[in-house]
Amino acid sequence: MNYPGRVPAEPAVPESWLLLIYRVPSDSSRGRVAVWRDLKRLGGLYVQQAVCVLPDREDLRESLARLRARIDALGGSSIFLTLRDVDEETRRKFVDGFRANSSKEYAEIIEECDTKFVKEIEFERFRENYTFEEAEEIRQDFEKLRRWLERIEARDWLGAEGRDEARRKVAECEALLEQFEADVYDRKPTDDENA
């Protein structure tokens, strides 16, 4: 629980890390992209091409086991290591890299809120397009935005900058949407008007 005036504790830096080194045959660009996408979705930090590191967590171990099976099915190979004796400079690079990745994703959420979501509602208000269909379409866009933020937060293990602002922006978007939905409802024609 957050208390006013109290700074939340910084998340603990992992004591050990998971390292995946892999190779996918060059004739399978679709396979290489799929593996890359899966590792990015997990929150993996690439330290060089086809070498990815993640915090040592049981859920990530399980996900990497499934990914390794996929790499094998593609005709590739992988090496999986648990790094326990990581020097401080390397540990700092890992932490900084994970935080930078999450900060970048939070910035993308903020940009999406400011440049697309808010502008969409403003445009529909300008057009006076107060239809249930439009409100539903914007609601779906908002739900995508909310789920995106949840995924970013789930892989932000080290407390990156931007989380609070991204949460605030998404909350502002929700408030704008709720007001738009209320305006749509208020403009709904009554049965007498439809007769």
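Anything mentioned here points back to the structure above.
Residues numbered from 1 in each chain as written. Predicted model: local features only at pLDDT ≥ 70, side-chain atom pairs only at ≥ 80, totals over all residues. Heavy atoms only, no water.

Chemist: Which residues make up the layout of surface pockets, and what values go with them?
Modeler: Empty space within the second largest pocket amounts to approximately 240 Å³. If you trace the second largest pocket, you find it lined by Lys40, Gly43, Gly44, Phe98, Asn101, Ser102, Lys104, Glu105, Glu108, Arg155 and Trp157. Counting residues per element, the lining of the second largest pocket draws most heavily on helix 3 (residues 88-127), at six residues. Taken together, the residues that form the lining of the second largest pocket break down as two nonpolar, four polar and five charged. (1 Å grid on protein atoms, 1.4 Å probe; cavity = no way out; pocket = protein on both sides within 12 Å on 5 of 7 lines; lining within 4 Å. Points joined across faces, edges and corners; volume = space filled by probe spheres on them. Helix = DSSP H or I, 4+ residues; strand = E, 2+ residues; numbered from the N terminus. Nonpolar A, V, L, I, M, F, W, Y, C, P; charged D, E, K, R; others polar.)

Chemist: Got a sec to walk through the packing of helix 3 against helix 5 (residues 163-186)? Specific residues and values, please.
Modeler: Where helix 3 meets helix 5, the closest approach of the two axes is 9 Å, and the angle between their N-to-C directions is 15°. With respect to helix 5, the element helix 3 is oriented roughly parallel. Two packed elements cross with a definite hand, and for helix 3 against helix 5 that hand is left-handed. From helix 3, Tyr106, Ile109, Ile110, Cys113, Asp114, Phe117, Val118, Ile121, Glu124 and Arg125 reach across to helix 5, where they touch Arg163, Glu165, Ala166, Lys169, Val170, Cys173, Leu176, Leu177, Gln179, Phe180 and Asp183. (Axes fitted to C-alpha atoms, helices over the stretch in contact; angles between N-to-C directions. Parallel < 35°, antiparallel > 145°, perpendicular 65-115°, else oblique. Left-handed = near helix turned anticlockwise from the far one by under 90°. Contact = heavy atoms within 4.5 Å.)

Chemist: Requested: an account of the pattern of salt bridges, with residues and values cited.
Modeler: On inspection of all chains with the given rule, the structure shows 21 salt bridges. Between Glu89 and Lys93 there is a salt bridge, with the nearest N and O atoms lying 3.5 Å from each other. Placement of the pair is Glu89 and Lys93 together in helix 3, with a separation of four residues, close to one helical turn. The burial state of Glu89 is the same as that of Lys93; both residues are exposed. With its nearest N and O atoms 3.4 Å apart, the salt bridge here joins Glu143 to Arg139. With Glu143 and Arg139 both in helix 4 (residues 132-154) and four residues apart, the pair spans about one turn of that helix. Both residues of the pair, Glu143 and Arg139, belong to the buried class. One salt-bridge network, held together by shared partners, links Arg139, Glu143, Arg146, Glu150 and Glu181. (Salt bridge = Lys/Arg side-chain N within 4 Å of Asp/Glu carboxyl O. Buried < 20%, exposed > 50% of the residue type's maximum accessible area, 1.4 Å probe, protein only.)

Chemist: Residue-level account of the environment of Leu67, with values.
Modeler: Locating Leu67 in the fold gives a position in helix 2 (residues 58-73). Given the relative accessible area of 5%, Leu67 is considered buried. Sequence separation between Leu67 and Lys144 is 77 residues; the distance between their C-alpha atoms is 25 Å.

Chemist: Please set out helix 2 residue by residue, giving values where relevant.
Modeler: In this model helix 2 runs 23 Å from its N-terminal to its C-terminal C-alpha over 16 residues, within 8% of the 22 Å that 1.5 Å per residue would give. The elements touched by buried residues of helix 2 are strand 1 (17-23), helix 1 (29-42), strand 3 (51-55) and strand 4 (77-83). (Expected span 1.5 Å × (residues − 1).)

Chemist: Please give an account of the packing of helix 3 against helix 4 that cites residues and values.
Modeler: Where helix 3 contacts helix 4, the two axes come as close as 10 Å, and the packing angle between them is 170°. Here helix 3 lies roughly antiparallel to helix 4, going by the angle between them. Across from Ser102, Glu105, Tyr106, Glu108, Ile109, Glu112, Cys113, Phe117, Glu120, Ile121 and Glu124 in helix 3, the residues of helix 4 making contact are Glu134, Ile138, Asp141, Phe142, Leu145, Trp148, Leu149, Ile152 and Glu153. For the contact of helix 3 with helix 4, a count of residues per class yields eleven nonpolar, one polar and eight charged.

Chemist: Which residues make up the pairing of strand 1, and what values do they have?
Modeler: In terms of burial, strand 1 is a largely internal element, five of the seven residues being buried. One ladder, built from five bridges, connects strand 1 with strand 3; its direction is antiparallel. Paired with Ile21 across the strands is Val51, a residue of strand 3. Alignment of strand 1 against strand 4, held across seven bridges, turns out to be antiparallel. If you follow Trp17 over to strand 4, its bridge partner there is Leu83. (Pairing = 2+ DSSP bridges.)

Chemist: So what's going on with the packing of aromatic side chains? Residues and values would help.
Modeler: Scanning all chains against the criterion turns up five aromatic pairs. Here a set of aromatic residues connected by ring pairs shows up, and it is made of Trp17, Phe94, Phe98 and Trp157. The ring of Tyr130 carries the charged tip of Arg187 above its face, separated from the ring centre by 3.9 Å. (Phe/Tyr/Trp six-rings, centres within 6.5 Å; stacked < 30°, edge-to-face > 60°. Lys NZ or Arg CZ within 6 Å of the ring centre and 35° of its normal.)

Remember that the coordinates give geometry; whether it matters functionally is a separate question.
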